[in-house]
Amino acid sequence: MKRWRLAVTAIYCSRAFSHLYKHVTATNKKKVSPASSYGRLDIINVVEESVPCFSNISHSTLASLVKQKGLDDLVDFGGVKACAALSLGFGMKEDGPREGWYDGGSIFVAVFLVVAVSAVSDFRQSRQFVKLSKVSSDILIDVMRNGRPQQVSIFEIVVGDVVCLKTGDQVPADGLFIDGHSLQIDESSMTGESDHIEVNLAQNPFLFSGTKVVDGFGRMLVTSVGINTIWGEMMSTISHDSHEQTPLQARLNQLASSIGKVGLAVAFLVLVVLLARYFTGNTEDENGNKEFNGSRTKADDVVNSVLGIIADAVTIVVVAIPEGLPLAVTLTLAYSMKRMMADQAMVRKLSACETMGSATIICTDKTGTLTLNQMKVTKFWIGQEFVDDRGSSPIAAEVLELLHQGVGLNTTGSVYKSPSGSELEFFGSPTEKAILSWAVIELNMDMEELKQSFSILYVSAFNSTKKRSGVLIRRKSDNRVSLHWKGAAEMILAVCSYYCDACGNIKALDDIERKKIEQIIQGMAASSLRCIAFAYKQISEDKNEHENMLQKMEENCLTLLGIVGIKDPCRPGVKKAVEDCQYAGVIVKMITGDNVFTARAIATECGILGPDQDTDSGAVVEGQEFRNYTPEERMVKIDRICVMARSSPFDKLLMVQCLKQRGHVVAVTGDGTNDALALKEADIGLSMGIQGTEVAKESSDIVILDDNFGSVATVLKWGRCVYDNIQKFIQFQLTVNVAALVINFVAAVSAGEVPLTAVQLLWVNLIMDTLGALALATEKPTRELMEKPPVGRSSPLITNIMWRNLLAQAFYQIAILLTLQFKGESIFGLSRNVNDTMIFNTFVLCQVFNEFNARKLEKKNVFEGVHRNKLFMGIIGITVVLQVLMVEFLKKFADTERLSWWQWGVCVGFAAMSWPIGLLSKCIPVPDRPFFSYLKATARNFKSMCFVTLNNLVV
């Protein structure tokens, strides 16, 4: 298929180039938009002089130009604008292989069924994981097409596209830098070097796929996509393995290994005992004669008897090893991942499913998670004067012009006007879009006129540390240079020495006036408004040299122009989601870059901060304050902190590290590049799928597709459901293993035979391990899961409650089946074969009834909600039907005899007693302290006593 696709691509591209050359020659200037899924052509401002470049620059030459950073070759070809004439893209798709199997005799058929069902389940889980991985890699990219910004899938990026890059973006392809400011790239994924690389036109215009934008913004011309990029070449040589093993799977494998070792030990002991009984003449055949009579016994009879004894020992090994445990985890994780996808949560790492169930603290961002991230300017102050929508306070023309400059030129957003001129579209971050729409609609700003009237000399891009951005501009008409800053209001105010009123008067900003403006900012922040301030400074004529650009960006003696208040309303239902997390015993903390007043207002509105909590109690702190604590102070105060405002990326990271040191299982939500460190450090990182940057998504374990904190609470519920379902199956599985192991061991040692044959036990493995795992692993989350405290880090996988439940059921099954083994023939007047069939049938039906008990580990009503779980009831029905077929119609296969109606009634009656026994056992109280901790303490005390005794003897 790949070869056919390459052939189709080659034919299409050759025809396209032929047609393109004729078309460009005839029209001199033409633009073709991308259209085909296999080969796409996009000509940008091609003139007649650039046509010969098609004969000089091949696609491979263009790709190698970027890969080898051939700056001299780039100059020889005419720079970036010659290269913009060529465009070509390829589509790729992968198909997975299919496998077959074989079948054989009776035991081989049973083994085949067990293995085949496990393999199919694992294969489906693998395909589900690959599908989710494809979704997670489907990134929306901002490109310029048809003269306007558009968002397209990363899979649709083609050579010749102009891609818009901003802080936090992942570079989608190899390409060349066209224009932009302060573009800093993290190439650590390619080179391993942690230092950020500055990209510019003069010295380093090369950009590589897979790298990340850490600062600044710019536009790039795509030169290579897919496997033709450096990243693609690297990844094509590495086989991707999606079969990652989660921590819980590792613990279960260790548990299965331990049980298997016990089974091997018991099997070896049974083998020794049975061989000893046989060769000492203590075993008899069906006629009551000794089976071994020394030399008079035929060699064939000895071999057959020994093989039968070995088969009995192997049977014990078969029943002892719980093959269903890893399968149960696979089914549970696959099922939960699919359902979580429907609940707007995409799992990137399997371990996050189970780890989320143990979370004790959630550190959440504010913007876009607790709030809608739908910004709108609702208040505007010039100096100390409030300007309302009705324009009661007229603004002087010179002040309005300065505001236009500060908004329209100091921005990473853009405004698109349709050809009809009736519709406006705003692009950029939510904050940028809100400010731009306000300036265009309310202040009549014309961005096109601004761009034509001014040239941008230098840009200081916004980042989470500075919390502001600056631009140095020159008016083209008179060459006057001015500096504009925009950012967090209190930070801009701190570097201002003057302020401007609505009439254009410049006034000194003394302590009294500064205090008044600070109160205005605090009042706006207390109303849940994000405060953005604008300031400017005129640059004197003697400082117009290019080499003094950085000196001109100095942040002092600025004049405050105005302050806008941006409203970002809380998401509907976020307060209830926070309450649900708190009800589940999970603490929710808010970490935000906003000032303390805005943070307090939003936290109170969302229910994170109680009405009686304030800054004096230590519930609300600023990042700098938290940073300046001593390590001992942080560990003492960290549990009381509910809100951290004005936090830097390192403050968030420090918070997560301290919480983990306190023993918490920490989940972190975030959407920005500044959240990446904390997302990576957390036990579970949850990024936002809509507003989240690619850096944040790649650092996370789960992507919240709708950016809603309510989905975080849903993920928490599913995480607990995964853990709970696995515990249910462990209890069910171990009951089967313990009962069967003890029954076969006691019967083999005392009577010299085992009541459950190898085929029967393989059948039990099939219907109990596989179907049982499917039934118990697909239980949906319930409200009661959120009533339990978090599991935490150190809680045992098998709790005291589980030990109580499984031992009660196992002892009952052992008592009933051993009674049938030794007294069944005389009590019910049965033949030996019928009695063995009843033992097998009762054992299987006991597991069917016990499957209901396993649905609820603690609650006495095990039937609650069972009618809503159609899959569970369907599996129970299938199990019963298969067991009837096994007993009544597969006599030779399973070594069984047909049972009468009253014999079936006896088997069902014995099995049904599992329900009242389960009810009574749940009335027995158990301590909270793990059972094995008592054994460890006893062992430590014994060792200490031995050491003291030995020491006394030596003395």
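A quick note: this is a predicted structure, and the numbers were derived from the prediction, not measured.

1. Details of the overall build of the protein chain
So, step 1. Each helix and strand counted, the protein chain has 34 helices and 26 strands in total.
So, step 2. Here the protein chain holds 955 residues, and the buried ones make up 51% of them.

2. A closer look at the sheet that holds strand β21 (residues 587-591)
So, step 1. Strand order across the open sheet formed by eight strands is β8-β26-β25-β24-β9-β21-β23-β22, with mixed pairing between neighbours. The open sheet has two edge strands with one neighbour each: β8 (345-347) and β22 (620-622). With strand direction ignored, the average angle separating the axes of adjacent strands in the sheet is 20 degrees.
So, step 2. Inspection of the sheet shows strand β9 (residues 361-364) paired to β21 by four bridges, in the parallel sense. The partner of Thr364 across the bridge, within β21, is Met590.
So, step 3. Contacting β9, β21, β23 (643-645) and β24 (666-670), helix α23 (residues 649-661) runs over the sheet at an angle of about 160 degrees to β24.
So, step 4. Relative to strand β26 (residues 702-704), helix α26 (residues 709-751) is tilted by about 140 degrees, and along the sheet it contacts β8, β9, β21, β24, β25 (684-688) and β26.

3. A short note on the packing of α26 against helix α29 (residues 832-854)
So, step 1. Running from amino to carboxyl end, α26 crosses α29 at an angle of 155 degrees, the nearest separation of the two axes being 10 Å. Viewed along their axes, α26 and α29 adopt a mutual orientation that is roughly antiparallel. Handedness of the α26/α29 crossing: right-handed. Mapping the contact onto sequence places Lys728, Gln731, Phe732, Thr735, Val736, Ala739 and Ala740 in α26 and Phe843, Gln847, Asn850, Glu851, Asn853 and Ala854 in α29.
So, step 2. A breakdown of the residues in the contact of α26 with α29 according to their chemical character gives six nonpolar, five polar and two charged.

4. Examining the packing of aromatic side chains
So, step 1. What the rule picks out here adds up to 11 aromatic pairs.
So, step 2. Relative to Phe872, the ring of Phe852 has its centre 5.3 Å away and its plane inclined at 85 degrees; by these criteria the two rings are edge-to-face. Here Phe852 is found in helix α29, whereas its partner Phe872 is found in helix α30 (residues 870-888), with 20 residues between them in sequence.
So, step 3. The class for Phe852 is buried, based on a relative accessible area of 9%.
So, step 4. Every member of this aromatic cluster is reached through a ring pair, and the members are Phe849, Phe852, Phe863, Phe872 and Trp915.
So, step 5. Note that Arg634 overlies the ring of Phe626, its terminal NZ or CZ placed 6.0 Å from the centroid.
So, step 6. Sitting over the ring of Phe872, Arg855 keeps its end group 5.5 Å from the ring centre.

5. Digging into the pattern of salt bridges
So, step 1. In total, this model carries 25 salt bridges according to the counting rule given.
So, step 2. Measuring nitrogen to oxygen at the nearest pair gives 2.3 Å for the salt bridge that ties Glu490 to Arg646. Separated by 156 residues along the polypeptide, Glu490 in helix α16 (residues 489-494) and Arg646 in the loop between β23 and α23 bring together distant segments of the chain.
So, step 3. Ionic pairing is found between Lys788 and Asp724, a salt bridge with its closest N-O pair at 3.4 Å. Placement of Lys788 in the loop between α27 (758-777) and α28 (800-828) and of Asp724 in helix α26 is noted, with a sequence separation of 64 residues between them.
So, step 4. Note on Asp724: relative accessible area 10%, which makes it buried.
So, step 5. Sharing partners across several salt bridges, the network here consists of Glu401, Arg475, Asp478 and Arg480.

6. Remarks on the confidence of the model for the protein chain
So, step 1. Taken residue by residue, the protein chain gives an average pLDDT of 77. The fraction at 70 or more is 75%.
So, step 2. In the model of the protein chain, helix α2 (residues 53-56) stands out as the element of lowest mean pLDDT, 40, in contrast to helix α32 (residues 901-912), which has the highest, 94.
So, step 3. Under a pLDDT of 50 for its full length, residues 83-107 has, in the predicted model, 61 contacts with residues more than four places off or in other chains.
So, step 4. A low-confidence stretch, residues 238-244 stays under pLDDT 50, and its non-local contacts, those more than four residues away or across chains, total 10 contacts.

7. Considering the environment of Phe427
So, step 1. With respect to the secondary-structure elements, Phe427 resides in strand β13 (residues 424-427).
So, step 2. When neighbours within four sequence positions are excluded, Phe427 is seen to be in contact with Arg148, Pro149, Gly413, Ser414, Tyr416, Lys433 and Leu436.

8. A few points about the state of the cysteines
Covalently bonding the sulfur atom of one cysteine to the sulfur atom of another cysteine gives a disulfide.
So, step 1. Considering all chains together, one arrives at zero disulfides under this definition.
So, step 2. Between Cys846, a cysteine without a disulfide, and Cys907, which holds the nearest cysteine sulfur, the sulfur-to-sulfur distance is 9.2 Å.

9. Looking at the pairing of β25
So, step 1. Summarising burial for β25: five of the five residues are buried, a large majority.
So, step 2. Neither face of β25 is open: one carries Ile684, Leu686 and Met688, the other Gly685 and Ser687, and all of them are buried.
So, step 3. For β24 and β25, the ladder comprises four bridges, and the chain directions are parallel. Residue pairing for β25: Ala667 is matched across the bridge by Ile684.
So, step 4. Note on the crossover from β24 through helix α24 (residues 676-681) to β25: the handedness is right-handed.
So, step 5. Pairing geometry for β25 and β26, over three bridges, is parallel. When the sheet's bridge partners are listed, Ser687 is paired in β26 with Val703.

10. Structural notes on helix α19 (residues 574-583)
So, step 1. All buried positions along α19 are accounted for by Val574, Ala577, Val578, Asp580 and Cys581. Each buried residue of α19 lies within a common arc of 155 degrees when the element is viewed along its axis, so the set occupies one face.
So, step 2. The secondary structure elements touched by the buried residues of α19 are β9, β21, α20 (596-606) and α26.
So, step 3. Positioned one or two residues after α19, Gly585 has a phi angle of 85 degrees, which is positive.

11. A short note on helix α17 (residues 511-526)
So, step 1. Here α17 spans 22 Å end to end across 16 residues, near enough to the 22 Å set by a 1.5 Å rise per residue.
So, step 2. By the burial criterion, the buried members of α17 are Glu513, Arg514, Ile517, Ile520, Ile521, Met524 and Ala525. Summarising the axial view, the buried residues of α17 lie within an arc of 135 degrees, below the 170-degree limit, and thus occupy one face. Exposed residues lying more than 90 degrees from the buried face of α17 are Asp511 and Ile512.

12. Quick look at the pairing of β9
So, step 1. Alternating residues of β9 divide into Ile361 and Cys363 and Ile362 and Thr364, and every residue in both groups is buried.
So, step 2. One ladder, built from three bridges, connects β9 with β24; its direction is parallel. From the neighbouring strand, Ile361 faces β24, where its bridge partner is Val666.

13. What about unusual backbone geometry?
So, step 1. The backbone phi angle of Ser528 is positive, close to 65 degrees, even though this residue is not glycine.
So, step 2. One non-glycine residue, Arg646, lies in positive phi territory at about 45 degrees.

14. Thoughts on a nonpolar patch on the surface
So, step 1. The grouping of Val880, Val881, Val884, Leu885, Phe889 and Leu890 at the surface amounts to a nonpolar patch, some 480 Å² of accessible area in total.
So, step 2. Mapped onto the elements, Leu885 comes out in helix α30.
So, step 3. For Leu885, a relative accessible area of 38% translates into the label partly exposed.

15. Description of the nonpolar core
So, step 1. Formed by 64 residues in total, the largest nonpolar core has its most connected members in Met356, Ile684, Ile702, Phe709 and Ile730.
So, step 2. A per-element tally of this core places α26 first, with 12 residues.
So, step 3. Grouped together as the second largest cluster of nonpolar side chains are 52 residues, Leu331, Ala739, Val764 and Val848 included.

Calculation criteria
Residues numbered from 1 in each chain as written. Predicted model: local features only at pLDDT ≥ 70, side-chain atom pairs only at ≥ 80, totals over all residues. Heavy atoms only, no water. Helix = DSSP H or I, 4+ residues; strand = E, 2+ residues; numbered from the N terminus. Buried < 20%, exposed > 50% of the residue type's maximum accessible area, 1.4 Å probe, protein only. Pairing = 2+ DSSP bridges. Axes fitted to C-alpha atoms, helices over the stretch in contact; angles between N-to-C directions. Contact = heavy atoms within 4.5 Å. Parallel < 35°, antiparallel > 145°, perpendicular 65-115°, else oblique. Left-handed = near helix turned anticlockwise from the far one by under 90°. Nonpolar A, V, L, I, M, F, W, Y, C, P; charged D, E, K, R; others polar. Phe/Tyr/Trp six-rings, centres within 6.5 Å; stacked < 30°, edge-to-face > 60°. Lys NZ or Arg CZ within 6 Å of the ring centre and 35° of its normal. Salt bridge = Lys/Arg side-chain N within 4 Å of Asp/Glu carboxyl O. pLDDT = per-residue confidence, 0-100. Disulfide = S-S within 2.5 Å. Right-handed = clockwise from strand over helix to strand, strands pointing away. Arc of directions from axis to C-beta. Expected span 1.5 Å × (residues − 1). Patch = residues over 30% accessible without salt bridge, like charges linked within 9 Å, V, L, I, M, F, W, Y side chains within 5 Å. Areas by Shrake-Rupley, 256 points an atom, 1.4 Å probe, with all protein chains shown as cover. Core = buried A, V, L, I, M, F, W, Y, C linked by side-chain atoms within 4.5 Å.

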